[in-house]
Amino acid sequence: MRRLRLALPLLLLALAGCDGSGPRGYSGYVEGDLLYIGPEEAGRLAALKVAEGAKVSAGTVLAGVEDDIQKADLAAAEAALAQAEARLAKAKAATQRPEEIAILSAGERRAAAALDLARIELERQKTLVPKGASSQANLDTAQHTYDQNQASLDEIRRQIDVARIASRDEDIAAAEAAVRNAKATSDAAAVRLKRRALHAPQDGTVQTLYYRVGELVPEGRPVLSLLPPGQVKVRFFIPEADLPKVRIGAPVSVSCDGCQPITADISFISDSAEYTPPVIYSREERSKLVYLIEARPRDPARARPGQPVTVTLDAAP
């Protein structure tokens, strides 16, 4: 809308300067279809490898954002993948090794001893609380500790039972699914790390740098803008009365101060008017309506973004 407001005075001047002789000119400007390059996640800009005006090719590294967190995430994901693969290999083994069962048996004895101690403390608290020598809170804690140790002993006994039999098909399937999940997480972490380096998606010219090295780039904000070759268009405005004179694909002549005219083809005609007065349209009010038109130059290299131009509708095809 800001550009439209700036274009209105130019349009009015152009209309005021028409004396009815020669083709009628319409004021406008050249605009580029820019690509905005930035990180998907917030981070501090660590490297900037291009300058404004630099021509780059597709795949060129343009800038880099700090990636310490992403490297740590990838290392953790790779460790989790290795752990999942080890569990799968273990699940596919026919039985547990005797040494592993011995370790579980030692854990069983430790859990049984803890349970016995918890039972003694629970019985002591049951004796003291009715006499007022201890609190109900101490009894509740003793009961909870006993229940917890009982569950731990039951768990380790189940582990010993499982260790003495071969893994079931569903256990192996679950281990394989865990490996696939860990692999996907690792791949995603690798992609996130790779995207901390900003590459040019296609050939183009660097237009504007929005951040410098050391500045924090918010999520979704561009570090720089890139103009691909040929991605420019001419935007101009015509009054409502002249709207029937234009059509998609029609040629127009584009001229500017100190340059030779170029030919462009109309590619867009706005469906809605700009600067619409908030009143019922009378004949006088309709004359104030203007419509946005866009045209693509046949020789884009001769059109510079931001350049003010005058457009006429009398160009030959």
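Parameters at a glance
- Residues numbered from 1 in each chain as written.
- Predicted model: local features only at pLDDT ≥ 70, side-chain atom pairs only at ≥ 80, totals over all residues.
- Heavy atoms only, no water.
- Pairing = 2+ DSSP bridges.
- Helix = DSSP H or I, 4+ residues; strand = E, 2+ residues; numbered from the N terminus.
- pLDDT = per-residue confidence, 0-100.
- Contact = heavy atoms within 4.5 Å.
- Expected span 1.5 Å × (residues − 1).
- Salt bridge = Lys/Arg side-chain N within 4 Å of Asp/Glu carboxyl O.
- Buried < 20%, exposed > 50% of the residue type's maximum accessible area, 1.4 Å probe, protein only.

A. Structural detail: the sheet that holds strand β3 (residues 43-48). The strand order across the open sheet built from 4 strands is β6-β5-β3-β8, with neighbouring strands paired in antiparallel fashion. Two strands close off the open sheet at either side, each with one partner strand: β6 (197-199) and β8 (216-217). By the bridge criterion, 3 bridges tie strand β5 (residues 61-65) to β6 in an arrangement that is antiparallel. When the sheet's bridge partners are listed, Gly64 is paired in β6 with Ala197.

B. Highlighting the confidence of the model for the chain. Overall, the prediction assigns the chain a mean pLDDT of 82, with 84% of residues at 70 or greater. For the stretch residues 1-20, pLDDT sits under 50, and the model shows 17 contacts to residues farther than four places along the chain or on other chains.

C. Examining the pairing of β3 more closely. Bridge count for β3 against β8 is 2 bridges, and the pairing is antiparallel. The residue bridging Gly43 from the neighbouring strand is Val217, located in β8. As defined by bridge partners, β3 adjoins β5 across 3 bridges and the pair is classed as antiparallel. Within β5, the position partnered with Leu45 by the bridge is Val65.

D. The arrangement of helix α4 (residues 136-163) in detail. The end-to-end C-alpha separation of α4 is 41 Å, in line with the 40 Å expected for 28 residues at 1.5 Å each. Buried residues along α4 sit against α3 (98-131).

E. Spotlight on the sheet that holds strand β7 (residues 204-209). Taken together, 4 strands build an open sheet; the order of strands is β2-β9-β7-β4 and the sheet is antiparallel. The sheet is open, and its two edges are formed by β2 (35-37) and β4 (55-56), each paired on a single side. In terms of strand pairing, β4 meets β7 through 2 bridges, oriented antiparallel. The residue bridging Val56 from the neighbouring strand is Gly204, located in β7.

F. Up close: the pattern of salt bridges. Scanning all chains against the criterion turns up 17 salt bridges. With its nearest N and O atoms 3.0 Å apart, the salt bridge here joins Lys183 to Asp187. Of this pair, Lys183 and Asp187 both sit in helix α5 (residues 169-194), 4 residues apart, which is roughly one turn of that helix. For Arg298, the salt bridge identified is with Asp265, shortest N-O distance 2.8 Å. On the criterion of sequence distance, the pair formed by Arg298 in the loop between β13 (290-297) and β14 (308-312) and Asp265 in strand β12 (residues 259-274) is long-range, its members being 33 residues apart. Classification of Asp265 by relative accessible area gives partly exposed; the value is 24%. Among the charged side chains, a salt-bridge network with shared partners connects Glu31, Asp33, Lys233, Arg235, Glu294 and Arg296.

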